[in-house]
Amino acid sequence: MSDIGAETDSIGTGEEGSPATRKKHRQPKKKTLARLKAMKKNAMGSNESLGNSSQADSEKGNGNKEEEKGETKPDPKDSTSQKPEENKVENSEESKPKPKPRRRFKELVQSGDEADRNSLSDFEGKHSPRPPSKPKPPLRKFGSTDSLKSSSSVDVENKSQGLNLQKTTGSASSTDSGVARPLRPGQWRGPIEPKVAKTKPSTSSTDALSDHSSDEGNKTKKENRKDIEQKGREWEIRMQETLGPTHVLFYSGTYGVLHVCVFIRRDLIWFCSVAEEDTVSTRAFSQIKTKGGLAVSFNFFGTSFLFINSHFTSGDNKAKERIADYSKICEAINLPKVIPVNQHSTDPNDCTSRFDCVFWFGDMNFRLDHERSKVEELIKHGHKSDYRELVAHDQLTNFMKKEEAFVGFKENQIRFPPTYKFDLNTDHYDTSPKLRVPSYTDRVLYKCKKPGDVTALNYSNVPSIKISDHRPVYAVFEVKIRPGRDTIPLAAGQFDREVYIEANRRRAMQVNVERKQSRICSIM
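Residues numbered from 1 in each chain as written. Predicted model: local features only at pLDDT ≥ 70, side-chain atom pairs only at ≥ 80, totals over all residues. Heavy atoms only, no water.

Caption draft 1: Representation of the overall build of the chain. Per the secondary structure count, the chain includes 16 helices and 9 strands. Residue burial in the chain is summarised as follows: out of 524 residues, 29% are buried. Surface summary for the chain: the accessible area is close to 37200 Å², and the carbon and sulfur share equals 53%. (Helix = DSSP H or I, 4+ residues; strand = E, 2+ residues; numbered from the N terminus. Buried < 20%, exposed > 50% of the residue type's maximum accessible area, 1.4 Å probe, protein only. Areas by Shrake-Rupley, 256 points an atom, 1.4 Å probe, with all protein chains shown as cover.)

Caption draft 2: Representation of the pattern of salt bridges in the model. Applying the stated criterion to the full structure yields 17 salt bridges. Ionic pairing is found between Glu-498 and Arg-233, a salt bridge with its closest N-O pair at 3.3 Å. Residue Glu-498 is located in helix 15 (residues 497-515), and its partner Arg-233 is located in helix 9 (residues 205-243); the two are separated by 265 residues in the primary sequence. Overall, the relative accessible area of 31% leaves Arg-233 in the partly exposed class. Linking Glu-411 and Arg-443 is a salt bridge whose minimum nitrogen-to-oxygen distance equals 2.8 Å. (Salt bridge = Lys/Arg side-chain N within 4 Å of Asp/Glu carboxyl O.)

Caption draft 3: Representation of unusual backbone geometry. The step from Leu-335 to Pro-336 runs through a cis peptide bond, and the omega angle for that step is -5°. Its place among the elements puts Pro-336 in the loop between helix 10 (319-332) and strand 6 (357-363). Omega for the peptide link from Tyr-420 to Lys-421 comes to 0°, which places this bond in the cis form. Structurally, the position occupied by Lys-421 is in the loop between helix 14 (395-402) and strand 7 (442-448). At Phe-406, a position not held by glycine, the phi torsion is positive, near 55°. With respect to the element layout, Phe-406 can be found in the loop between helix 14 and strand 7. Assessed through its relative accessible area of 1%, Phe-406 is described here as buried. Positive phi, close to 50°, is recorded for Leu-435, a residue that is not glycine. Residue Leu-435 is classed as partly exposed on the basis of its relative accessible area of 47%.

Caption draft 4: Just helix 10, in detail. The terminal C-alpha atoms of helix 10 lie 20 Å apart, and with 14 residues this matches the ideal 20 Å at 1.5 Å per residue to within 8%. Turning to helix 10, its buried residues number three or more, namely Ala-319, Arg-322, Ile-323, Asp-325, Tyr-326, Ile-329 and Cys-330. Projection of helix 10 onto a plane perpendicular to its axis shows the buried side chains occupying an angular sector of 155°, all on one side. Counted as exposed and oriented over 90 degrees from the buried face of helix 10: Lys-320 and Glu-331. Taken together, the buried residues of helix 10 touch strand 3 (276-281), strand 4 (292-300), strand 5 (303-311), strand 6 and helix 14. (Expected span 1.5 Å × (residues − 1). Arc of directions from axis to C-beta. Contact = heavy atoms within 4.5 Å.)

Caption draft 5: Helix 14, seen in detail. All buried positions along helix 14 are accounted for by Gln-395, Leu-396, Thr-397, Phe-399 and Met-400. Buried residues along helix 14 sit in contact with helix 10, helix 13 (388-391) and strand 7. Looking one or two places after helix 14, you find Glu-403, whose phi comes out positive at around 60°.

Caption draft 6: Highlighting the nonpolar core. The biggest cluster of nonpolar side chains holds 25 residues, and the ones touching the most others in it are Leu-306, Ile-308, Phe-312, Ile-333, Trp-360, Met-364 and Phe-406. At the level of elements, strand 5, helix 10, strand 6 and helix 14 are the ones that each hand at least two residues to this core. Broken down by element, the residue count for this core peaks at 5 residues, all from helix 10. Contacts of Ile-308, omitting those with residues within four sequence positions, involve Leu-294, Ala-295, Ile-329, Ile-333, Cys-351, Thr-352, Phe-359, Trp-360 and Phe-361. (Core = buried A, V, L, I, M, F, W, Y, C linked by side-chain atoms within 4.5 Å.)

Caption draft 7: Geometry of a nonpolar patch on the surface. Taken together, the side chains of Leu-457, Tyr-474 and Val-476 define a hydrophobic patch exposed on the protein surface, amounting to about 260 Å² of accessible area. Judged by its relative accessible area of 35%, Tyr-474 is partly exposed. (Patch = residues over 30% accessible without salt bridge, like charges linked within 9 Å, V, L, I, M, F, W, Y side chains within 5 Å.)

Caption draft 8: Quick peek at the packing of aromatic side chains. Summed over the entire model, instances satisfying the criterion amount to 21 aromatic pairs. Seen in terms of ring centroids, Phe-406 and Phe-409 are 5.6 Å apart; in terms of plane orientation they differ by 85°. Their pairing is edge-to-face. Here the aromatic cluster, defined as three or more aromatic residues joined through ring pairs, consists of Phe-250, Phe-298, Phe-305, Phe-307, Phe-359, Tyr-446 and Phe-477. Cation over ring: Arg-322 sits above Phe-366, and NZ or CZ is 5.5 Å from the ring centre. A cation sits over an aromatic face here: Arg-471 above Phe-422, 4.0 Å from the ring centre. (Phe/Tyr/Trp six-rings, centres within 6.5 Å; stacked < 30°, edge-to-face > 60°. Lys NZ or Arg CZ within 6 Å of the ring centre and 35° of its normal.)

Caption draft 9: Just the sheet that holds strand 7, in detail. With respect to topology, 5 strands assemble into an open sheet ordered 3-4-5-6-7, the strand pairing being mixed. Every interior strand has two partners, whereas the edge strands, strand 3 and strand 7, have only one. Across the sheet, the axes of successive neighbouring strands diverge by a mean angle of 15°, strand direction being ignored. Inspection of the sheet shows strand 5 paired to strand 6 by 7 bridges, in the parallel sense. Residue Phe-307 lies in a different strand from strand 6, and its bridge partner there is Phe-359. In the packing of helix 10 onto the sheet, contacts are made with strand 3, strand 4, strand 5 and strand 6, and the angle to strand 3 comes to roughly 140°. (Pairing = 2+ DSSP bridges. Axes fitted to C-alpha atoms, helices over the stretch in contact; angles between N-to-C directions.)

Caption draft 10: Quick peek at the state of the cysteines. Using the criterion set out here, one finds 0 disulfides in the structure. Unpaired in this structure, Cys-330 has its nearest cysteine sulfur neighbour in Cys-351, at a distance of 5.1 Å. (Disulfide = S-S within 2.5 Å.)

Caption draft 11: Main features of the pairing of strand 2 (residues 258-265). As paired elements, strand 1 (residues 247-255) and strand 2 share 8 bridges and run antiparallel to each other. Within the sheet, the bridge partner assigned to Val-248 lies in strand 2 and is Ile-264. In sequence, strand 1 turns back onto strand 2 through a hairpin of 2 residues, with Gly-256 there showing a positive phi of about 65°.

Caption draft 12: Spotlight on the environment of Asp-363. Here Asp-363 is to be found in strand 6. Expressed as a C-alpha distance, the spacing of Asp-363 and His-311, which sit 52 residues apart in the sequence, is 4.9 Å. Beyond its immediate stretch of four places on either side in the chain, Asp-363 contacts Ser-310, His-311, Phe-312, Thr-441, Asp-442 and His-470. Side-chain polar atoms of Asp-363 contact the backbone nitrogen of Asn-365, separated by 3.4 Å. (Polar contact = N/O pair within 3.5 Å; in protein donor to acceptor, adjacent residues only side chain to side chain.)

Pasting the structure below:
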């Protein structure tokens, strides 16, 4: 206890202590000195003095409580505190402390007076109760929908009973009073109802019919495309089966009704570059591409090849449109894309000038400018003159001589009758009311940069195939090959293995049937 007194004395006098305390208590007031001395006496005193001091403190505490309640006691020592009794106000309404807002709110709610209930609305705007804390959503596993089902089921039951319940979360007293309060921002609004997509019913039967017809049209388009792809695949297998295992399908491309297949001898597949493809449509708004061009290019050793299959505009008096199709295909084909080409010796408006050898074939639809009766007479006696009189009236031959189309291209001598147009499965030309003039519509043309690199060996038709109104045409060429270059990207021996396996399987089965032997015996 003595140490405490010494510390207090030093603090009061300012002789000892830290510099902070010295600066703070440099000039202590008289009241503080007297108070410190009293504290020192109490600390040094006996237990009785301590007991007396505790009683004094308790009396002071009771006095403070009475002051909070509004009951003030006069101090006998202070003469200023003594006042006449007339100025005192006891148990007056003004001296009572005002109740807290929460307590007042509960009193208004619990009371049954109409005046209190009327004043509840005015009081609510100023002192509304605090909103409850936002409840934490229950933890549920990923993909569970129990909470959504429960909330939606409750809402459905309430709606079925005709109850318009607002999703408010106030205190129990506010709900019991029947007072509806608007939701505040950030207040919990209850479980979220699952959204249901609303579908608009069709207003008229014509809209339904149009939608149904459009769906049917899309289905027919897809079916037609699938049929074309299946037929093209079957055609590839049939050709592979005919050629046998010595050749493989290097590349095949399809564009609408146009199709190109490139077969190469199996031991030469390692010397081919990557094949590239490009297409051109001469009818921009046609859904099924029947008119246009399909081009495939690649390098074989050091010689570049370009194959174009085209179908031009049909009609007897539409030669100019066919020339426009030719020029459009030449300008629009963007080949090659990867293989390097010498740009100095090429024409930017002619894709055929970028390759060493070009083969252009297809249904070009060029006609004979002659009467049908005279054409039929020339066909009967045409084999004697090798059909030269008929070819003299051919539109394409005349355009090539005038260099209006297919500039630089050549065609082997035609020694077969016109290939268009026949009645199906017959050898008779068109007997329909239109009576079209027989013409050489199906052609095979070729072009090379260096003269003598390409030699035509055979050029003829196949009259035995009668499933179409056209007769197929074929040509055989001999091409000189240049040595390869290291800058050309190779295809690493890629070819269509599925077609190769299926075609050879059919070929083997056909051989076994002809020999009437089992597969085991043929293998052994």
